[in-house]
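# A closer look at the structure
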Amino acid sequence: MEFGLTWAKLDEMEYVTEAEKLGFTHLWVTDSGLIRSDAFVFLTVAALKTRSMKLGMGVAVPGLRLAPTLAAGMASLNMIAPGRCFVALGTGNTGMRLLGRKPMTLKSFEAYARTVRNLLEGKDAEYEHNGEQHTIRFMLTEKGYRNLRDPIPMYLAGYGPKAQALAGEIADGLTTNIPRGGTLDQILANARTGAARNSRSLDEFHLSVRVNFAVLEPGEPVDSERIVNEFGPAITTALHSTM
């Protein structure tokens, strides 16, 4: 089991550097520009400030940037932190709703994810935009404009059976949360359903479960004012999502 943190406040980067010292393995940077610091700016600074921590978007919102733009950004970041980058994709919640837009449909999300995956693997990708479809690929990679030599794992965020199955079918891993995403047994069963469609093994599949975590002071009750203030909104949101 590994532990990571989610953070995206540029003037408090010491949370990230201290977490790395304590053995945290992953940094997940949120992609809600109207709420938190810009994800790519934050990741770039984090890449320069850390040495071993895995760095990635958690999760990137497809509706905020074109698939080739996201892939190019991650492949460029991979030059600063080679072999330490990952990208997680989600259909978009706060990142889209704060713009008055709905999250991406699962069909469009799958097409977007396949484009990102193929580009990061150095392959041709089918790219559709504004009703037109073209085959694209990265150019001049051998000239050092990006790093595709070190793999960049792609994870998908999924809270329902279809999205979790899609992760099992095409991605390197799945990120979800509990209880919204179901029990661990249900989550893995859904991922296996998708993997079976593509005759894939999940032996190296990365499952990330995001939860709220706090260290209580000696004698501090779980419903103390500090804990309620810190986690009450997130717990309420999770409860609302399951109703």
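In what follows, the structure referred to is the one given above.
A brief structural summary.

Rules used in this analysis
- Residues numbered from 1 in each chain as written.
- Predicted model: local features only at pLDDT ≥ 70, side-chain atom pairs only at ≥ 80, totals over all residues.
- Heavy atoms only, no water.
- Helix = DSSP H or I, 4+ residues; strand = E, 2+ residues; numbered from the N terminus.
- Rg over C-alpha atoms; globule rule 2.2 N^0.38 Å.
- Contact = heavy atoms within 4.5 Å.
- Areas by Shrake-Rupley, 256 points an atom, 1.4 Å probe, with all protein chains shown as cover.
- Expected span 1.5 Å × (residues − 1).
- Buried < 20%, exposed > 50% of the residue type's maximum accessible area, 1.4 Å probe, protein only.
- Arc of directions from axis to C-beta.
- Lys, Arg positive; Asp, Glu negative; His and termini not counted.
- Salt bridge = Lys/Arg side-chain N within 4 Å of Asp/Glu carboxyl O.
- Polar contact = N/O pair within 3.5 Å; in protein donor to acceptor, adjacent residues only side chain to side chain.
- Pairing = 2+ DSSP bridges.
- Right-handed = clockwise from strand over helix to strand, strands pointing away.
- Axes fitted to C-alpha atoms, helices over the stretch in contact; angles between N-to-C directions.
- Phe/Tyr/Trp six-rings, centres within 6.5 Å; stacked < 30°, edge-to-face > 60°.
- Parallel < 35°, antiparallel > 145°, perpendicular 65-115°, else oblique.
- Left-handed = near helix turned anticlockwise from the far one by under 90°.
- Nonpolar A, V, L, I, M, F, W, Y, C, P; charged D, E, K, R; others polar.

### Comments concerning the overall build of the protein chain
Looking only at helices and strands, the protein chain features 8 helices and 9 strands. For 243 residues, the compact-globule estimate of 2.2 N^0.38 gives 18 Å, and the C-alpha radius of gyration of the protein chain, at 18 Å, lies within 12% of that figure. C-alpha atoms of the protein chain, sized along the principal axes, occupy 60 × 40 × 40 Å. Nonlocal contacts in the protein chain, meaning residues at least 24 apart in sequence, comprise 62% of its contacts between residues at least 6 apart. With an accessible surface of roughly 13800 Å², the protein chain has 55% of that area assigned to carbon and sulfur atoms.

### Describing the environment of Thr-69
By secondary structure assignment, the location of Thr-69 is in helix α3 (residues 67-80). The sequence separation of Thr-69 and Asp-223 amounts to 154 residues, and the corresponding C-alpha distance is 44 Å.

### Quick look at helix α7 (residues 184-197)
Over its 14 residues, α7 extends 20 Å from the first C-alpha to the last, a length consistent with the 20 Å expected when each residue adds 1.5 Å. Within α7 the residues assigned to the buried category are Ile-187, Asn-190, Ala-191, Gly-194 and Ala-195. End-on, the buried residues of α7 take up no more than an arc of 140°, which puts them together on one face. Along α7, exposed side chains directed more than 90 degrees from the buried face belong to Asp-185, Arg-192 and Ala-196. Those residues of α7 that are buried lie in contact with α6 (161-170), β8 (173-177) and β9 (206-210). Positive phi appears at Ser-199, one or two residues downstream of α7, with a value of about 50°.

### Considering the side chain of Arg-84
Of note, Arg-84 is situated in the loop between α3 and β4 (85-89). Buried within the structure, Arg-84 lacks any salt-bridge partner; Glu-20 is the closest side chain of opposite charge, at an N-O distance of 4.7 Å. Of note is the side chain of Arg-84, whose polar atom sits 2.8 Å from the backbone oxygen of Met-53.

### Observations concerning the pairing of strand β3 (residues 54-60)
Within β3, 6 of the 7 residues are buried, which leaves the element mostly enclosed by the surrounding structure. By the bridge criterion, 4 bridges tie strand β2 (residues 26-29) to β3 in an arrangement that is parallel. Bridging from a neighbouring strand, Leu-27 pairs with Leu-55 of β3. Crossover handedness for the path β2 to helix α2 (residues 39-49) to β3: right-handed.

### Observations regarding the sheet that holds β8
Spatially, the 7 strands line up as an open sheet ordered β1-β2-β3-β4-β7-β8-β9, and their pairing is parallel. Strands with a single pairing partner mark the edges of an open sheet, and in this sheet they are β1 (4-6) and β9. This sheet shows a mean twist of 20° between the axes of neighbouring strands, independent of strand direction. When β3 meets β4, the two strands line up parallel, connected through 4 bridges. Paired with Leu-55 across the strands is Cys-85, a residue of β4. Each of β3 and β4 is contacted by α3, which is oriented at about 160° to β4, the strand it contacts most. In the packing of α6 onto the sheet, the strands contacted are β7 (154-157) and β8, and the crossing angle to β7 comes to about 170°.

### Describing the packing of aromatic side chains
Counting across every chain of the model gives 4 aromatic pairs. An aromatic cluster of at least three residues, connected via ring pairs, comprises Trp-28, Phe-86 and Tyr-155.

### With respect to the packing of α2 against α3
Between α2 and α3, whose axes approach to 9 Å, the crossing angle comes to 15°. Between α2 and α3, the crossing angle belongs to the class labelled roughly parallel. For the pair α2 and α3, the sense of crossing is right-handed. Contacts between α2 and α3 involve Phe-40, Leu-43, Thr-44, Ala-47 and Leu-48 from the former and Leu-70, Gly-73, Met-74, Leu-77 and Ile-80 from the latter. Grouping the constituent residues of the contact of α2 with α3 by class yields 8 nonpolar, 2 polar and no charged.

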